[in-house]
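The residues making up each chain are set out below.
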Amino acid sequence: IKIEEKLFQNRYRVDEGRPHIQISDPQVCADDCKTQSCTFVCPAGCYVADEKHEVTLTTDGCLECGTCRVICSEHHNVDWSYPRGGHGILFKFG
Ligand code: SF4
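For clarity, every value in this text was computed on a predicted model and none was experimentally measured.

Calculation criteria
Each chain carries its own residue numbering, running from 1 in the direction its sequence is written. Whole-chain, interface and lining totals are the exception, using all residues; otherwise, since this is a predicted model, local features are given only for residues with pLDDT of at least 70 and side-chain atom pairs are given and counted only at 80 or more. Side-chain figures throughout are based on the complete set of non-hydrogen atoms in the structure, without hydrogens or water. Comment: elements are numbered from the N terminus, with helices defined as DSSP H or I runs of at least four residues and strands as E runs of at least two. Put simply, the radius of gyration uses C-alpha atoms, and a globule should come to 2.2 Å times the residue count raised to 0.38. Residue contacts are defined here by distance: any two heavy atoms, one from each residue, within 4.5 Å place the two residues in contact. Every accessible area reported is derived by Shrake-Rupley at a probe size of 1.4 Å, with residue values counting cover from the shown protein chains alone. His is not counted, nor are the chain ends; Lys and Arg add positive charge and Asp and Glu add negative charge. Charge positions come from single atoms, namely NZ of Lys, CZ of Arg, CG of Asp or CD of Glu. Whether two aromatic rings pair depends on their centres lying within 6.5 Å, for rings of Phe, Tyr and Trp, where Trp uses its six-membered ring; planes under 30 degrees apart make the pair stacked, over 60 edge-to-face, and the rest tilted. Exposure categories follow from relative accessible area, calculated using a 1.4 Å probe and restricted to protein chains: below 20% of the type maximum is buried, above 50% is exposed, and the middle band is partly exposed. Ring-over charges, as used throughout, are those where CZ of Arg or NZ of Lys falls within 6 Å of the ring centre and within 35 degrees of the ring normal. Criterion for a disulfide: a pair of cysteine sulfur atoms at a distance within 2.5 Å. By convention a nonpolar core is built from buried Ala, Val, Leu, Ile, Met, Phe, Trp, Tyr and Cys residues, the set being connected through side-chain atoms within 4.5 Å. Between Lys or Arg on one side and Asp or Glu on the other, a salt bridge is scored when a side-chain nitrogen of the former is within 4 Å of a carboxyl oxygen of the latter.

Caption draft 1: Quick look at the overall build of the protein. The helix and strand inventory of the protein stands at four helices and six strands. Of the regular secondary structure in the protein, the N- to C-terminal order runs α-β-β-α-α-β-β-α-β-β. Whereas a compact globule of 94 residues would reach a radius of gyration of roughly 12 Å, the protein reaches 14 Å, a difference of no more than 12%. Counting contacts in the protein only where the partners sit at least 6 residues apart, residues at least 24 apart contribute 64% of the total. Surface exposure of the protein reaches about 6600 Å², of which carbon and sulfur atoms provide 52%. Between the mean site of the 10 positive side-chain charges and the mean site of the 14 negative ones, the protein shows a separation of 11 Å.

Here it is in structure tokens:
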């Protein structure tokens, strides 16, 4: 089974209007971050960079792994918390 197929088995309860992760200052991503590692380390592909070097974050498919929080240790530009109770990922096994 492919990773994409496994990810498709997960379910999410989205907390509309209250993303549990935010980019603190988008300008830091665009101007100061050379690697933009979040765009390729996130296993769910939540971070996407465009041709202007600006990074967009969509948390709906987030696996709550914390990788983006750790990888952004140089700029500390990820405001990370777990979703509120009853929201976020529902892992489906089997
Ligand atoms: Fe992606 Fe993990 Fe960060 Fe969620 S916590 S946005 S899955 S790197």
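Caption draft 2: Highlighting the packing of aromatic side chains. This structure, assessed with the given rule, holds one aromatic pair. When the ring of Trp80 is compared with that of Tyr82, the centres are 4.9 Å apart and the planes differ by 80°; the resulting orientation is edge-to-face. With relative accessibility at 11%, the residue Trp80 sits in the buried group. A relative accessible area of 58% means that Tyr82 is categorised as exposed. Its guanidinium or amino end placed over the ring of Phe8, Arg11 lies 5.9 Å from that ring's centre, counting from NZ or CZ.

Caption draft 3: Region of the structure containing the state of the cysteines. All chains considered together, the criterion is met by zero disulfides. Take Cys46: it sits in no disulfide, and the sulfur closest to it among the cysteines is that of Cys42, at 3.9 Å.

Caption draft 4: Local environment of the nonpolar core. Counting 13 residues, the largest nonpolar core has Ile21, Tyr47, Val55, Cys68 and Val78 as the members making the most contacts within it. Within the residue set of this core, elements represented by two or more residues are β2 (21-23) and β5 (78-80). Those residues in contact with Val55, other than ones at most four positions away along the chain, are Ile23, Cys29, Gln36, Cys38, Thr39, Tyr47, Val48 and Ala49.

Caption draft 5: Focus on the pattern of salt bridges. Scanning the model with the defined rule gives one salt bridge in all. Arg84 is the salt-bridge partner of Asp15, the closest N and O atoms lying 2.8 Å from each other. With Asp15 in the loop between β1 (11-13) and β2 and Arg84 in the loop between β5 and β6 (88-90), the pair connects residues that are 69 residues apart, well separated along the chain. In this structure Arg84 comes out as partly exposed when scored by relative accessible area, which is 39%.

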